[in-house]
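# Structural description and commentary
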Amino acid sequence: MSIGLDNNYALLVGIGKCVDARWSLPATVNDVEALKSLLTDSTRCGYIDDEQHLLLLKNETATKEGILAGLKWLEEKAKSDSEATVVIYYSGHGYLDKYTQKYYLVPHDNNNLLPAEEFNQALRKIQAKRLLVVIDSCHAEGMTAKDEILPMAFPAKELVADLKKELNADLKLNKLKQGQGRAVFSSSTGEQKSWVQGDRSIFTFHFLEALQGAGNNRGENEVFVSNLITYLRTKVKLSTQKFDKKQTPFFELYGEDFPVALLPENWSPPQSTINEDLYIEQPVVKSCYDDILQPGCLLRIKAPWKMGKTTLMSRILKHAANSHKYRTAVVNVRDATKADFSNLDEFLKWFCANVAISLKIENSSMNPNEYWNRSIGNGKNKCKTYFEKYLLPGNSPLALAIDEIDRIIPYQEIAGEFLAMLRARHENAKTDTDNEWAKLRLVVVYAEEYREIDPNQSPFNAGITVELTELNDEQIQYLAQQYEMNWNIHQVNQLMDMLGGHPYLIHEVIKKLKQQNISINELLENAATNKGIYREHLLRLQRKLEQSQLLYAAFKEILTAEVPVELNLELARQLDNLGLVKLDDSNRCAIVRYKLYRQYFISL
């Protein structure tokens, strides 16, 4: 497919260099040149690359006078062409005068600011049949030149209100000439900044991706404004979150949705580089990265099965190792055998051996088995001195994670002694920062707490509780995009109605939809059966319930109830630990957490 439309016009502005070099923003030139290349691609947007159809302003030509002249040029083009499609793109600084509350665009001649009001007035005069305005006001952090000037996002809502008044309902359909409307994109909202990563604006980088079909599904051959919005709304927000920033684009579309680019014949989405372990970052991650650096740190990651506990644990340790050169070790209690649980002495020897293995300690003189044989005292004393002699010494702290620590619960004698020992070591590290134990940072991961112990001797009520949350609709939409499925909010809500925001349940269904050519309805139809994709997960929950007739009976009562059911605290706690119910503020009244669980268990 090759197109070249006489009715397409574009004004592209990348400020780049400013007279005052402190205001320069080189990334905007990269952005505008990349956009021009895409717009003039004859297989994509079909804009003709000549002075009659496209005007590029950058560096010295991107002055206030030049920008206004460009808008006047578009006004004349739209007057003489009743089928005109116009794209206006601006990338540069934008500032708000806090005393007058007036917003300005900052051109090359930054001593001659362009008021947003004047910019909007010029836009209103452009009577194009289809108009897309994209404002990427990139604020460089620390660029405030005077106290009375503050960064702020472009006041796009005012522009939308003005353009909406100019819209009429004359409609035609013909590929890139179909539809009639006004669309305004602003790269950020309110007082947010628009961020640059490397040599490109994050917003424009994703805008170009969307123009090339990143927001489309397989089989579609046109990129509509709505495709751009769906993709950018989620992608920009989540991309900036990776850098601990916040940026929420603003979009408005009035009138008909209209196409802005074509996709080549036999087009298909690019192959995803995302693997099956794609991680949607939890809000608590940043605070965990800070907490693990504190002497005596104890992080307690507690959540039901399959909520992402181990993944979060791994990310915390990876950050500590890569960013702060910590030594890290992971012990999973699941790896202990029945013989290791035969008594406390054997378990502690197994524990020390696995820490040593994780740290890659190969010195035979430091072998825990040999150390146990030649040392005196009980197992707790041997464990303590082994850590002090061989594991804690070093130039950097030791971040030690114990995964699935609740697997120790059935072995009550071992559980009580071991958990009390962890609490004591945590207190040592927290209160005496001069001894070797101050190097220890603990992370424990579990779904159930061991309550047959004095609370003052338990690690489960010390340190910092890390709460994992379910995915929200934006995160689910983003996850789907990584698997090249550009869902609308209806499809996301359809999934959440059945599965809530459970990370594992959501991820599994998206992966399966990617692998098989079936609809969401078809996949969810069998989801709550032994033939569905959650068979193993549901059977595991069923086996756990069947271990306690009292617990199972309580859950069955909840399944058939139309209102929350009041339970005793212990039963409510156990069902909550399994992730089967949601509790109210009293932690007594429960409802079924997901429709998936209701449908499966009520059918048994």
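Residues numbered from 1 in each chain as written. Predicted model: local features only at pLDDT ≥ 70, side-chain atom pairs only at ≥ 80, totals over all residues. Heavy atoms only, no water.

## Things to note about the overall build of the chain
- Within the chain, the secondary structure is distributed over 20 helices and 22 strands.
- Partitioning the contacts of the chain with sequence separation of at least 6, the portion at a separation of at least 24 is 75%.
- For the chain, the exposed area adds up to about 27,400 Å²; of that, 46% sits on carbon and sulfur atoms. (Helix = DSSP H or I, 4+ residues; strand = E, 2+ residues; numbered from the N terminus. Contact = heavy atoms within 4.5 Å. Areas by Shrake-Rupley, 256 points an atom, 1.4 Å probe, with all protein chains shown as cover.)

## What to know about the sheet that holds strand β7 (residues 130–137)
- Strand order in the open sheet formed by six strands is β2-β1-β3-β7-β9-β13, and the pairing between neighbours is mixed. A single partner strand is all that each edge strand has here, and the edge strands are β2 (54–58) and β13 (250–255). The mean inter-strand angle of the sheet, taken between neighbouring strand axes irrespective of direction, is 5°.
- Judged from the seven bridges that link them, strand β1 (residues 8–14) and strand β3 (residues 85–92) form a sheet pairing that is parallel. Bridging across to β3, Val13 finds its partner in Tyr90.
- The strands that helix α2 (residues 64–80) touches are β1, β2 and β3; relative to β1, the one it contacts most, it runs at about 170°. (Pairing = 2+ DSSP bridges. Axes fitted to C-alpha atoms, helices over the stretch in contact; angles between N-to-C directions.)

## Considerations on the sheet that holds strand β21 (residues 581–583)
- Strand order in the open sheet formed by three strands is β20-β22-β21, with antiparallel pairing between adjacent strands. One side of each edge strand has no neighbouring strand; the edge strands of this open sheet are β20 (565–566) and β21.
- Helix α18 (residues 549–560) contacts β20, β21 and β22 (589–592) of the sheet and is inclined by roughly 70° relative to β22.

## Overview of the confidence of the model for the chain
- Of all residues in the chain, 88% attain a pLDDT of 70 or more, and the chain-wide mean is 83.
- Least confident of the elements in the chain is strand β8 (residues 149–151), whose mean pLDDT is 33; most confident is strand β17 (residues 398–403), at 96.
- Throughout residues 139–179 the model reports pLDDT below 50, and contacts reaching past four residues in sequence, or to other chains, amount to 126 contacts.
- Contacts for the low-pLDDT stretch residues 271–277, under 50 throughout, to residues beyond four places or in other chains number ten contacts. (pLDDT = per-residue confidence, 0-100.)

## Re the pattern of salt bridges
- Tallied over the full model, the rule gives 25 salt bridges.
- When the shortest N-O distance is used, the salt bridge between Lys79 and Glu75 registers 3.2 Å. Linking Lys79 with Glu75, this pair stays in helix α2, spanning four residues, or about one helical turn.
- What makes Lys79 exposed here is its relative accessible area of 56%.
- The partner of Glu83 in a salt bridge is Lys129, and the shortest N-O contact between them spans 3.6 Å. With a gap of 46 residues between them, Glu83 in the loop between α2 and β3 and Lys129 in the loop between α3 (116–124) and β7 connect regions that are remote in the sequence.
- On the basis of relative accessible area, Glu83 is assigned to the buried category, the value being 15%. (Salt bridge = Lys/Arg side-chain N within 4 Å of Asp/Glu carboxyl O. Buried < 20%, exposed > 50% of the residue type's maximum accessible area, 1.4 Å probe, protein only.)

## Focus: the packing of helix α17 (residues 535–546) against α18
- Two elements in contact, α17 and α18, have axes separated by 7 Å at closest approach and are oriented at 120°. Compared by their axis directions, α17 and α18 come out oblique. In this structure, α17 uses Gln542, Leu545 and Glu546 to contact α18, whose residues at the interface are Leu551, Tyr552 and Phe555. (Parallel < 35°, antiparallel > 145°, perpendicular 65-115°, else oblique.)

## As for the packing of aromatic side chains
- The tally for this structure, following the rule as stated, stands at 18 aromatic pairs.
- Consider the rings of Phe203 and Phe207, whose centres lie 6.3 Å apart with planes at 5°: the pair is stacked. You can see Phe203 and its partner Phe207 sitting in helix α5 (residues 202–214), four residues apart, about one turn around the helix.
- The buried category is assigned to Phe203, whose relative accessible area is 0%.
- For Phe207, a relative accessible area of 2% translates into the label buried.
- One residue, Arg425, lies across the ring of Trp437, its end atom 5.2 Å from the ring centre. (Phe/Tyr/Trp six-rings, centres within 6.5 Å; stacked < 30°, edge-to-face > 60°. Lys NZ or Arg CZ within 6 Å of the ring centre and 35° of its normal.)

## Regarding the nonpolar core
- In terms of nonpolar packing, the biggest core is built from 53 residues, with Trp487, Leu495, Ile510, Leu580, Leu596, Tyr597 and Phe601 touching the most fellow members.
- The next biggest cluster of nonpolar side chains, apart from the first, holds 47 residues, and it includes Val333, Trp350, Phe351 and Leu419. (Core = buried A, V, L, I, M, F, W, Y, C linked by side-chain atoms within 4.5 Å.)

## Notes on the environment of Asp576
- As for its position among the elements, Asp576 is in helix α19 (residues 569–577).
- On the basis of relative accessibility, which here comes to 27%, the residue Asp576 falls in the partly exposed class.
- Asp576 sits 14 residues away from Ala590 along the chain, and the two C-alpha atoms are 8.6 Å apart.
- Apart from residues lying up to four places away in sequence, Asp576 is in contact with Pro304, Val581, Leu583 and Arg593.

## Structural notes on α18
- Its twelve residues give α18 an end-to-end C-alpha distance of 17 Å, which sits within 8% of 16 Å, the value for a rise of 1.5 Å per residue.
- Within α18, burial applies to Leu551, Tyr552, Ala554, Phe555, Ile558 and Leu559. The buried residues of α18 occupy an angular sector of 160° when projected down its axis, which confines them to one face. Turned more than 90 degrees away from the buried face of α18, the exposed residues are Gln549, Leu550 and Thr560.
- Packed against the buried residues of α18 are α17, β20, α19, β21, β22 and α20 (595–602). (Expected span 1.5 Å × (residues − 1). Arc of directions from axis to C-beta.)

## Digging into the environment of Gly14
- By secondary structure assignment, the location of Gly14 is in strand β1.
- In this structure, the C-alpha to C-alpha distance between Gly14 and Lys58, residues 44 residues apart in sequence, is 4.8 Å.
- Residues in contact with Gly14, not counting those within four places in the same chain, are Thr28, Val29, Val32, Leu57, Lys58, Asn59, Ala62 and Ser91.

## Thoughts on α17
- A rise of 1.5 Å per residue sets the reference length of α17, with its twelve residues, at 16 Å; its end C-alpha atoms lie 16 Å apart and thus fit the reference within 8%.
- Buried within α17 are the following residues: His537, Leu538, Leu539, Leu541, Gln542 and Leu545.
- Among the structural elements, α15 (503–515), α18, α19 and α20 are those in contact with the buried residues of α17.

## Topic: the pairing of strand β18 (residues 440–446)
- Among the seven residues of β18, seven are classified as buried, and the element is accordingly described as predominantly covered.
- Alternating positions in β18 separate into two faces, Leu440, Leu442, Val444 and Tyr446 on one and Arg441, Val443 and Val445 on the other, with burial throughout.
- With five bridges joining them, β17 and β18 adopt parallel strand pairing. Its bridge partner being in β18, Ile402 is matched across the sheet by Val444.
- Handedness of the crossover is the feature at issue here: the chain leaves β17, passes through helix α12 (residues 412–431), returns alongside β18, and the resulting connection is right-handed. (Right-handed = clockwise from strand over helix to strand, strands pointing away.)

## Some words on unusual backbone geometry
- The backbone phi angle of Asn59 is positive, close to 50°, even though this residue is not glycine.
- Mapped onto the secondary structure, Asn59 falls in the loop between β2 and α2.
- One non-glycine residue, Lys325, adopts positive backbone phi at about 60°.
- Turning to its location among the elements, Lys325 is positioned in the loop between α8 (309–324) and β16 (327–332).

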